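Tertiary structure, described
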Amino acid sequence: SFYYGTFPAGFLWGVGSSAYQTEGAWDKDGKGPSIWDAFTHKKGKVFRNETGDSACDGYYKVKDDIQLLKELKVNHYLFSISWPRIMPTGIKTEQLNEKGIQFYNDTINSLLENNIIPIVSLYHWDLPQVLQEKYGGWQNISMINYFNDYANLCFEKFGDRVKHWITFSNPWAAAEKGYETGEHAPGLKLGGCGAYKAAHHIIKTHAKVWHSYNNTWRSEQQGMVGISLTSGWGEPVDPHSQTDRDAANRYIQFHLGWFANPIYRGDYPEVMKNYVGRKSAQQGLRTSRLPTFSVQEKTYIKGTSDFLGIGHFTTRYVIQKSFPFLQESSYHTDRDLAELVDPKWPAPAPNWLYSVPWGFRRLLNFIKTQYGNPLIYVTENGVSEKVQCTQLCDEWRIEYLKGYINEILKALNDGVNVKGYTAWSLLDKFEWNKGFSERFGFYHIDFKNKNKPRYPKASVDYYKKIISANGFPNPREVENWYRKAMDTCSTTHQLLATDSLITHMEMVTEIVLPTVFTLCILISIVLLIFYLRNH
């Protein structure tokens, strides 16, 4: 049932975005190419062959977007730094890009001037392309030192003002989709090994960066360094069946535990080591496809997070499913499970993102129990729509936010240590291999218009009310928020329709009129030639 109440004083409310998805300016002002630039420029990798070359033009619209943050009344803004924008080849000794450093300095300063806390992710998937070409990216152990150099540069340049650092945003997707299925950049299909190897190097890199901050910067800067892990919740189909309960546990351990367990408990989850080890032996391999940490590495990695960032979107029912012995193993078959959904769960559009709020409370309580009740910031939570037509009256997003934020409130009453919430995301933006077909934003962007104007959806008004009330005070007030939000979006729709018409007319003026004018001149010339020939 819905729980009315408010969050503790000082609870942080924010929104987030990432560099590649919003900045654009992919080759401007000295920025080097990233693996996503290379990936999206190959045909057939992204829906409709769309790219993030200009994305939301966020590189040129910092001041405008900060006005949107002020309008939302958020406490913080979570964004990522593009590694190749400040270090074009990814290698510190080769080249630094002062214009890129200045861009992030200006962004951070503008946020602080407007009393908005910057929460900064060092890596949201845009590895410098040079490091992928030269070394194979996260398959290579040399990434640890290159990334540590980059992180230290960020601490040096921005750490006097940035007090919340995230080393990696959703490393699960970077490893699994980048090096196992190849759906994401760099698009490698290294089945059964690639994701485990990439994740192994990412975890070691995270630990090295945490220690760098701890030893060199913490006493002076007094900040925090954490990691942001995205995970769904896995619920057993039959809670009375031990095999289903075990399968649901494997779902979480292979997803969240893969990264959280080494950081909070010193090693990969036992179930992961057992399953991947056994399947590797069945294949005739002498060692497990899941790499191992040495005793020294386990000690070095354990405890390297001042907070845990949690991204969460949806839930699955899970059952046991044994995969027969295969020569070609994969991360997915290693788990011996199948994922199911309840057809009654609301799914606003994409076929993966079902709205199941109760799964969030269970995930947060799992983290509390498994990892010693760490300090948690929710770093990504939101819902998208598929774009058939412009939808500013996004009542499904309002319902989603209301449900999921309410589950955090319940989890706080359970004793879970959640200190902040980041809704995903500020803007409609480039959604990786889905292009611009999925929209997560509070603000709609008309990508057909060269100025990329932003228009608030109904959820802007609703989220603003949650922030102002610091929760859900009483049924009457919360119901009133919904009505007001829907009224506001109707007015914005009219504005958007007018602007779209003007844009259409401008296109007609810019393209059709010159074309007609040129054709008239050509016809006149032809007629003149005929006339002169006849006389």
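Residues numbered from 1 in each chain as written. Predicted model: local features only at pLDDT ≥ 70, side-chain atom pairs only at ≥ 80, totals over all residues. Heavy atoms only, no water.

Any two aromatic rings considered together are summarised by their centre-to-centre distance and by the angle between their planes. Taken as a whole, this structure holds 55 aromatic pairs when the rule is applied. Seen in terms of ring centroids, Trp83 and Tyr150 are 4.9 Å apart; in terms of plane orientation they differ by 10°. Their pairing is stacked. In this pair, Trp83 sits in helix α4 (residues 83-86) while Tyr150 sits in helix α7 (residues 143-158), placing the two residues 67 residues apart along the sequence. Note on Trp83: relative accessible area 0%, which makes it buried. What makes Tyr150 buried here is its relative accessible area of 0%. Taking the centre distance of 4.9 Å and the plane angle of 70° together, the rings of Phe103 and Tyr104 count as edge-to-face. Overall, the relative accessible area of 12% leaves Phe103 in the buried class. Here a set of aromatic residues connected by ring pairs shows up, and it is made of Tyr20, Trp36, Phe39, Trp125, Phe430, Trp432, Phe436 and Phe447. (Phe/Tyr/Trp six-rings, centres within 6.5 Å; stacked < 30°, edge-to-face > 60°. Helix = DSSP H or I, 4+ residues; strand = E, 2+ residues; numbered from the N terminus. Buried < 20%, exposed > 50% of the residue type's maximum accessible area, 1.4 Å probe, protein only.)

It is worth spelling out unusual backbone geometry at this point. Of note, the bond from Ala185 into Pro186 is cis; its omega dihedral lies within 30 degrees of zero at 5°. Relative to the helices and strands, Pro186 resides in the loop between α8 (171-179) and α9 (194-221). Omega for the peptide link from Trp424 to Ser425 comes to 15°, which places this bond in the cis form. Tracing the backbone shows Ser425 in the loop between β13 (418-424) and β14 (438-439). Positive phi, close to 50°, is recorded for Asp336, a residue that is not glycine.

A separate point is the UniProt feature "active site" (unreviewed entry) in the protein chain. When the UniProt feature table is mapped to this numbering, "active site" (unreviewed entry) covers Glu380. Summarising the element assignment, Glu380 is placed in strand β11 (residues 376-380). On the accessibility criterion, Glu380 (7% relative accessible area) is buried. Residues within four places of Glu380 in sequence aside, it is in contact with His124, Thr230, Ile310, Gly311, His312, Phe313, Thr422 and Trp424. (UniProt positions renumbered as here; feature names shortened; annotations may be inferred. Contact = heavy atoms within 4.5 Å.)

With 19 residues, helix α15 (residues 395-413) ought to run about 27 Å at 1.5 Å a step, and its terminal C-alpha atoms sit 27 Å apart, in line with that. For α15, a buried count of 16 out of 19 residues is recorded, marking the element as mostly surrounded by other parts of the structure. Residue Gly415 follows α15 closely and has a positive phi angle near 100°. (Expected span 1.5 Å × (residues − 1).)

Together, Phe517, Leu519, Ile521, Leu522, Ile523, Ile525, Leu527 and Ile529 make up a nonpolar patch on the protein surface, roughly 780 Å² of accessible area in all. On the secondary structure map, Ile529 appears in helix α17 (residues 475-534). Judged by relative accessible area, which is 44%, Ile529 ranks as partly exposed. (Patch = residues over 30% accessible without salt bridge, like charges linked within 9 Å, V, L, I, M, F, W, Y side chains within 5 Å. Areas by Shrake-Rupley, 256 points an atom, 1.4 Å probe, with all protein chains shown as cover. Salt bridge = Lys/Arg side-chain N within 4 Å of Asp/Glu carboxyl O.)

Once that is clear, we can look at the environment of Lys273. Mapped onto the elements of the fold, Lys273 is located in helix α11 (residues 270-282). Along the backbone, Lys273 and Val209 are 64 residues apart, and their C-alpha atoms lie at a distance of 25 Å. With residues near it in sequence (within four places) discarded, Lys273 still touches Asp267, Tyr268 and Leu290. A polar contact is formed between the side chain of Lys273 and the side chain of Asp267, at a distance of 2.6 Å. Of the polar contacts made by the side chain of Lys273, one reaches the side chain of Glu270; its length is 3.0 Å. (Polar contact = N/O pair within 3.5 Å; in protein donor to acceptor, adjacent residues only side chain to side chain.)

Close approach of charged atoms allows side chains with opposite charge to pair. If you walk through the whole model with that rule in mind, you get 33 salt bridges. With a closest N to O distance of 3.7 Å, Asp57 and Lys452 form a salt bridge. With a gap of 395 residues between them, Asp57 in the loop between α2 (35-40) and α3 (62-72) and Lys452 in the loop between β15 (443-445) and β16 (454-456) connect regions that are remote in the sequence. Look at Asp57 and you get buried, because its relative accessible area is 15%. Across the pair Glu479 and Arg483 runs a salt bridge, and its minimum N-O distance is 3.9 Å. Remark: Arg483 and Glu479 occur in helix α17; sequence separation between them is 4 residues, near one turn of the helix. Judged by its relative accessible area of 41%, Glu479 is partly exposed.

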